[in-house]
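Working through the structure, step by step
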Amino acid sequence: MNELEDKEIQERIKAKGDLPRHIAIIMDGNGRWAKMRGLERIEGHRAGRESVRDVVRACGELGIEVLTLYAFSVENWRRPRREVWALMRLLRDTLYEEVDEFNRNNVKLMAIGRLEGLPKASREALFWAMERTKDNTGLVLNLALNYGGRVEIVDAVRRILEKGYRPEEVDEKVISAHLYTAGLPDPDLLIRTSGELRVSNFLLWQMAYTEIWVTDVLWPDFRRQHLYQAIEAYQRRERRFGMTSEQLRGEDGGAR
Ligand code: IPE
Ligand code: IPE
Ligand code: MG
């Protein structure tokens, strides 16, 4: 896609309105991408960095508020040790190397997950990068690391109990405010690459009304044109939140 085409599509998306405020992505298929090329799985993870870079830039240009990327799940520790450590090293190096690019693009880095469970070197790189980008006011790039939707809810319940809430005080707002994502809008659009039709323990609470878009494209092949396809599909959908189409179009004749 040339730059002119790119700007044209961006303008079309912006003109349509109804931009998702928060996009979440399950970046999947790195292993398959590598295998197809006779490479080691980690080469797929490495290649995925370029996809991240392109998608982060495009989200910033479009004015998306939050992009959450599922980078490492609590279940991913079950992978071969070699792959886990290679991923952790890749995370550390990427964070150190990308901070200047984040700052050039006004990107603020955040993270969700059991961050204390990350190896020290990766955790230090993460906190260093968050500190260096904390004053940026553009896209919030939220990395899900050692993240699990269920443990997130467990951690929220624990904190609510520790604070001594009474049962009748606990409602959806209180739970939302104790999740790792406190203060962020719920995702409007979930993208999953590599064709798998599951949520894999990602943002379980927050996903209650998220629109889902799945592509067969493997994460290392994913670029901004795929992101645009997802957003334009999202913009064509009707989000009903339990209501009827007629109500949403104001055609219910005032019937209540
Ligand atoms: C996603 O790609 C990256 C992580 C889970 C860290 P995979 O490594 O799961 O790739 P496939 O699913 O095996 O192809
Ligand atoms: C989900 O991908 C986790 C991340 C993308 C970090 P997986 O590849 O681990 O998911 P499953 O296990 O196939 O569902
Ligand atoms: Mg996978």
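That block above? That's the structure.
Residues numbered from 1 in each chain as written. Chains lettered and ligands numbered in written order. Predicted model: local features only at pLDDT ≥ 70, side-chain atom pairs only at ≥ 80, totals over all residues. Heavy atoms only, no water.

1. Quick notes on helix α3 (residues 41-62)
Since the α-helix turns once every 3.6 residues, residues separated by three or four places project in the same direction. Between its first and last C-alpha, α3 extends 32 Å over 22 residues, near the 32 Å set by a 1.5 Å rise per residue. Directly beyond the C-terminal end of α3, a positive phi value near 85° is found at G63. (Helix = DSSP H or I, 4+ residues; strand = E, 2+ residues; numbered from the N terminus. Expected span 1.5 Å × (residues − 1).)

2. Some thoughts on the packing of aromatic side chains
Considering all chains together, one arrives at 8 aromatic pairs under this definition. With 4.9 Å between their ring centres and 70° between their planes, F72 and W77 make a pair best called edge-to-face. With a centroid separation of 5.1 Å and 20° between ring planes, the pair formed by W219 and F222 is classed as stacked. Of the residues examined, W219 reaches a relative accessible area of 2% and is grouped as buried. (Phe/Tyr/Trp six-rings, centres within 6.5 Å; stacked < 30°, edge-to-face > 60°. Buried < 20%, exposed > 50% of the residue type's maximum accessible area, 1.4 Å probe, protein only.)

3. Points about the site of ligand 2
Every residue lining ligand 2 is accounted for by I26, M27, D28, Y70, A71, F72, N76, R79, R192, R198 and S200. In the model, an oxygen atom of ligand 2 is placed 3.3 Å from a nitrogen or oxygen of the R79 side chain. At 2.7 Å, a side-chain N or O of R198 approaches an oxygen atom of ligand 2. In the complex, 78% of the free accessible area of ligand 2, which totals 390 Å², lies under the protein chains. Of all the cavities here, the one that holds ligand 2 is the largest pocket. Looking at which element gives the most residues to the shell around ligand 2, the answer is strand β2 (residues 66-73), with 3 residues. Tallied by class, the residues present in the shell around ligand 2 amount to 5 nonpolar, 2 polar and 4 charged. (Near = heavy atom within 4 Å. Polar contact = N/O pair within 3.5 Å; in protein donor to acceptor, adjacent residues only side chain to side chain. Areas by Shrake-Rupley, 256 points an atom, 1.4 Å probe, with all protein chains shown as cover. 1 Å grid on protein atoms, 1.4 Å probe; cavity = no way out; pocket = protein on both sides within 12 Å on 5 of 7 lines; lining within 4 Å. Sits in = over half its atoms within 2 Å of the grid points. Nonpolar A, V, L, I, M, F, W, Y, C, P; charged D, E, K, R; others polar.)

4. Describing the site of ligand 1
Around ligand 1, a shell composed of M27, D28, G29, N30, G31, R32, R41, H45, A71, N76, R79 and L87 is seen. Take G31: an N or O atom from its main chain is 2.9 Å from an oxygen atom of ligand 1. Interatomic distance of 2.8 Å between a side-chain N/O atom of R41 and an oxygen atom of ligand 1. Contact with the protein chains removes 87% of the 380 Å² of surface that ligand 1 exposes when unbound. Assessed atom by atom at 2 Å from the grid points, ligand 1 resides in the largest pocket. For the shell around ligand 1, the secondary structure elements donating two or more residues are α2 (30-36) and α3. Per-element tally for the shell around ligand 1: the top contributor is α2, with 3 residues. Residues that form the shell around ligand 1 fall into these classes: 3 nonpolar, 5 polar and 4 charged.

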